[in-house]
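Each chain, letter by letter, is given below.
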Amino acid sequence: MPGKDFYHETVKIALIKDGWTITKDPLTLSVGTRPALVDLGAEKLFAAEKDAQKIAVEIKNFLSPSPMNDLEKAMGQFFLYSDILAEQEPDRMLYLAIPFAAYRGIFSEEVGQLVMRRRPEFKLLVFNPRIQEIMQWIPPIAGTAS
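Residues numbered from 1 in each chain as written. Predicted model: local features only at pLDDT ≥ 70, side-chain atom pairs only at ≥ 80, totals over all residues. Heavy atoms only, no water.

Section: the pattern of salt bridges
Logical step 1: Within the structure shown, the criterion is met by seven salt bridges.
Logical step 2: Ionic pairing is found between K12 and D25, a salt bridge with its closest N-O pair at 2.8 Å. With a gap of 13 residues between them, K12 in helix α1 (residues 8–17) and D25 in the loop between β1 (21–24) and β2 (27–31) connect regions that are remote in the sequence.
Logical step 3: In this structure D25 comes out as partly exposed when scored by relative accessible area, which is 27%.
Logical step 4: Taking the shortest distance from any N to any O, the salt bridge between E133 and K17 comes out at 3.7 Å. In this pair, E133 is assigned in strand β8 (residues 133–138) and K17 in helix α1, connecting sequence segments 116 residues apart.
Logical step 5: Assessed through its relative accessible area of 36%, E133 is described here as partly exposed. (Salt bridge = Lys/Arg side-chain N within 4 Å of Asp/Glu carboxyl O. Helix = DSSP H or I, 4+ residues; strand = E, 2+ residues; numbered from the N terminus. Buried < 20%, exposed > 50% of the residue type's maximum accessible area, 1.4 Å probe, protein only.)

Quick word on the packing of aromatic side chains
Logical step 1: Considering all chains together, one arrives at 10 aromatic pairs under this definition.
Logical step 2: An angle of 70° between the planes, with centres 5.6 Å apart, marks the rings of F62 and F107 as edge-to-face. Taken together, the positions of F62 in the loop between β5 (51–59) and α2 (67–88) and F107 in the loop between α3 (100–104) and α4 (110–118) put the pair 45 residues apart, joining distant regions of the chain.
Logical step 3: Residue classification places F62 among the buried residues on the basis of a relative accessible area of 13%.
Logical step 4: Through a chain of ring-to-ring contacts, the aromatic side chains of F62, F78, F79, F107 and F122 assemble into a single cluster.
Logical step 5: Directly above the aromatic system of F79 lies the positively charged group of R119, at a separation of 4.8 Å from the ring centroid. (Phe/Tyr/Trp six-rings, centres within 6.5 Å; stacked < 30°, edge-to-face > 60°. Lys NZ or Arg CZ within 6 Å of the ring centre and 35° of its normal.)

Concerning the environment of L124
Logical step 1: For L124, the location among the structural elements is in strand β7 (residues 124–128).
Logical step 2: Considering only alpha carbons, one finds L124 and A97, 27 residues apart in sequence, at a separation of 5.9 Å.

Comments concerning the side chain of K44
Logical step 1: For K44, the position within the fold is in strand β4 (residues 40–46).
Logical step 2: Here the side chain of K44 touches D18 through a polar contact of 2.6 Å, landing on its backbone oxygen. (Polar contact = N/O pair within 3.5 Å; in protein donor to acceptor, adjacent residues only side chain to side chain.)

Concerning unusual backbone geometry
Working note: non-glycine residues mostly have negative phi, and peptide bonds are mostly trans.
Logical step 1: A cis amide bond links D25 to the next residue, P26, at an omega of 5°.
Logical step 2: By the element assignment, P26 lies in the loop between β1 and β2.
Logical step 3: Cis rather than trans, the peptide bond between I138 and P139 has omega equal to -5°.
Logical step 4: Its place among the elements puts P139 in the segment after β8.
Logical step 5: For F62, which is not a glycine, the phi torsion comes out positive at approximately 55°.
Logical step 6: With phi around 55°, Q132 is a residue other than glycine that occupies positive phi space.
Logical step 7: Note on placement: Q132 falls in the loop between β7 and β8.
Logical step 8: Looking at Q132, the relative accessible area reads 26%, which means it is partly exposed.

As structure tokens, then:
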């Protein structure tokens with residue numbers, strides 16, 4: 001099994017603080033004989049709906065010298081995992097967890113804005129690694145603070 005992302009435990013703690021229950025660590029999917037490991041699976045019960053919201057979270061640190069290369073890899077994984085989830089767990093939404101510095105960096109630049117504008121299915125979970133909390137869901141999840 002590949003190593004966990006640098007911010008794996010940070011995002012896990014942030015999700016738990018936000019009321020999510022971690023149900024899979026990692027969330028294992030497969031297509032034929034090829035495994036795909038999404039970093040986390042989580043659920044949250046919303047009393048108003050009396051139903052559980054299910055998410056999958058792929059965590060990326062964006063700490064390499066090339067934010068563009070990080071973005072390319074993250075997008076490739078995100079859309080591959082999205083396709084697999086659409087067939088195997090269509091009730092689970094995929095979010096890409098990124099630190100606030102990446103959101104303030106490449107995602108606020110033209111290339112990040114292009115991705116968000118052209119690919120509305122690209123969902124972000126922006127977290128603060130210092131305080132281990134979720135800062136923003138893009139787009140927002142019903143019942144969350146952001």
